[in-house]
Amino acid sequence: GGDAEHRPVVLHVAVAVPAGQGLKQFAELALAFVLSSLIGIEREWRQKSAGLRTHTLVGVGAALFVLVSKYGFSDVLGPRVILDPSRVAAQIVTGIGFVGGGLIFVRGDAVRGLTTAAIVWVTAAIGMACGAGLPLLAIGVTLAHFIVVFVYPGLAAKLPRSRYLEFGVRVVYE
């Protein structure tokens, strides 16, 4: 027996964590971090204008935008409020297009940065797939990226040249 007056008082405090902030979402962000970092490492290794930090931030940011779109507005939903989570995804595509446009340089007839801009765009899509809960698609497209950047240059070099692009230069000097 014990004296009821001397028993410890135990308080149970429940902290409500809004939906969308669990281990699943952290795993989706972590996958976006890893995949976009791998792409960024490849771009950094090739000393491109957008490297490890840019690609990692683009991928993780896109994943977070999708997660916010999916879960971030649950407190305002009601009979009169209907949200379309795909609207945020559409804006990510537009925003990344703007970032990619800043990576493209035109000097005379030479255009540089198109591949880097496209890879930033694909990295955002990979992050979006992670945030949308589509890890197999994200991993598949990451692998496709590496095929494109490592295998395609050799393949393109072996393709026959177009007869329409040939030109000659004749230089005469004394």
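Here goes a summary of the coordinates provided. In this text the structure is predicted, and so the values were computed from the model without any measurement.

## Focus: the pattern of salt bridges
Side chains that differ in charge, positive against negative, can pair when their charged atoms come close. Evaluation of the coordinates by the stated rule reveals three salt bridges. Two residues, Arg 43 and Glu 42, come together in a salt bridge whose shortest N-O distance is 3.1 Å. For Glu 42, a relative accessible area of 4% puts it in the buried group. Arg 46 serves as the salt-bridge partner of Glu 42, at 2.6 Å between the closest nitrogen and oxygen. Judged by its relative accessible area of 31%, Arg 46 is partly exposed. Look at the salt bridges and you will find they share partners, linking Glu 42, Arg 43 and Arg 46 into a network.

## Description of the nonpolar core
Across soluble globular proteins, nonpolar side chains have a tendency to be buried as a group. Of all hydrophobic cores here, the largest spans 12 residues; its members are Leu 29, Ala 32, Leu 35, Ile 39, Ala 63, Leu 67, Ile 119, Ile 126, Ala 129, Cys 130, Ala 138 and Val 149. If you list the elements that add at least two residues to this core, you get helix H1 (23-45), helix H2 (52-71), helix H4 (114-131) and helix H5 (135-150). Setting aside chain neighbours within four positions, we find Ile 39 in contact with His 55, Ile 119, Thr 123, Ile 126, Thr 142, His 145 and Phe 146. Judged by nonpolar contacts, the second largest core, of 11 residues, contains Ala 50, Val 66, Ala 124 and Met 128.

What counts and how
Throughout this document, residue positions are counted from 1 along each chain, in the order its sequence is written. Note on the predicted model: pLDDT of at least 70 is required for a residue's local features to be given, and 80 or more for side-chain atom pairs to be given and counted; whole-chain, interface and lining totals, by contrast, use all residues. Side-chain numbers come from the whole structure's heavy atoms, not from hydrogens or water. Any carboxyl oxygen of Asp or Glu within 4 Å of a side-chain nitrogen of Lys or Arg constitutes a salt bridge here. Burial classification: accessible surface area is computed with a 1.4 Å probe over protein chains only, and a residue below 20% of its type maximum counts as buried, one above 50% as exposed, and the rest as partly exposed. In plain words, nonpolar cores are sets of buried Ala, Val, Leu, Ile, Met, Phe, Trp, Tyr and Cys residues tied together by side-chain atoms within 4.5 Å. Per the convention used, a helix needs a DSSP run of H or I reaching at least four residues, while a strand needs a run of E reaching at least two, with both numbered from the N terminus. Contact definition: two residues touch when any of their heavy atoms are within 4.5 Å.

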